[in-house]
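# Summary of structural features
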Amino acid sequence: ALGQIFAGIGIIEGYTSKGVFDMWFGKTTVRAPGKLGFDPLGLMPKDKEGAAKMELSELKNGRMAMIAVAGIACNHYIPGSVPGCPFP
């Protein structure tokens, strides 16, 4: 079962990694960073202004999630460093 999980993840990663190595060096025309073409629910607005606003809100959401995880990690290694954190 574990092999099937790894095979499934490998297929998905292989399909979505188009142009990744070129992006590392800044020489890609295949796709822009973060544009995987995955929007099964059709939540991305069609107009450019709405799409830019959605991308910005997703970027901010990701940054806030990273700050939250860093806060939980700080509270784990330095107990009581984050007031009100419910995670020991």
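These remarks concern the structure in this document. What you see is a predicted model, and the numbers here were worked out from it, not measured in a lab.

The rules behind each value
Residues numbered from 1 in each chain as written. Predicted model: local features only at pLDDT ≥ 70, side-chain atom pairs only at ≥ 80, totals over all residues. Heavy atoms only, no water. Helix = DSSP H or I, 4+ residues; strand = E, 2+ residues; numbered from the N terminus. Rg over C-alpha atoms; globule rule 2.2 N^0.38 Å. Areas by Shrake-Rupley, 256 points an atom, 1.4 Å probe, with all protein chains shown as cover. Lys, Arg positive; Asp, Glu negative; His and termini not counted. Charge placed at Lys NZ, Arg CZ, Asp CG, Glu CD. Expected span 1.5 Å × (residues − 1). Buried < 20%, exposed > 50% of the residue type's maximum accessible area, 1.4 Å probe, protein only. Contact = heavy atoms within 4.5 Å. Patch = residues over 30% accessible without salt bridge, like charges linked within 9 Å, V, L, I, M, F, W, Y side chains within 5 Å. Salt bridge = Lys/Arg side-chain N within 4 Å of Asp/Glu carboxyl O.

## Digging into the overall build of the chain
- Of the regular secondary structure elements, the chain holds 3 helices and 0 strands.
- Here the C-alpha atoms of the chain give a radius of gyration of 19 Å, more than 25% beyond the 12 Å that 2.2 N^0.38 yields for 88 residues.
- Of the roughly 7800 Å² of accessible surface on the chain, a fraction of 70% belongs to carbon and sulfur atoms.
- Distance between charge centroids for the chain: 4 Å, based on 9 positive and 7 negative side chains.

## Details of helix α3 (residues 48–77)
- End to end, α3 covers 44 Å across 30 residues, agreeing with the expected 44 Å (1.5 Å per residue, within 8%).
- Inspection of α3 places G50, A51, G71 and N75 among the buried residues, and these make up the whole buried set.

## Quick look at the side chain of N75
- With respect to the secondary-structure elements, N75 resides in helix α3.
- Apart from the residues within four sequence positions on either side, N75 is in contact with G80, S81, V82, C85 and F87.

## Some points on the environment of G34
- Take G34: it is sitting in the loop between α2 (20–24) and α3.
- With relative accessibility at 69%, the residue G34 sits in the exposed group.
- Taking the C-alpha atoms as reference, G34 lies 13 Å from M44; in sequence the two are 10 residues apart.

## Topic: the environment of M44
- Mapped onto the fold, M44 is located in the loop between α2 and α3.
- M44 sits in the partly exposed class, given a relative accessible area of 30%.
- Separated by 27 residues in the primary sequence, M44 and G71 place their C-alpha atoms 30 Å from one another.

## A short note on a nonpolar patch on the surface
- A surface patch of nonpolar side chains, amounting to about 430 Å² of accessible area, comprises L2, I5, F6 and I9.
- Structurally, F6 can be placed in helix α1 (residues 2–16).

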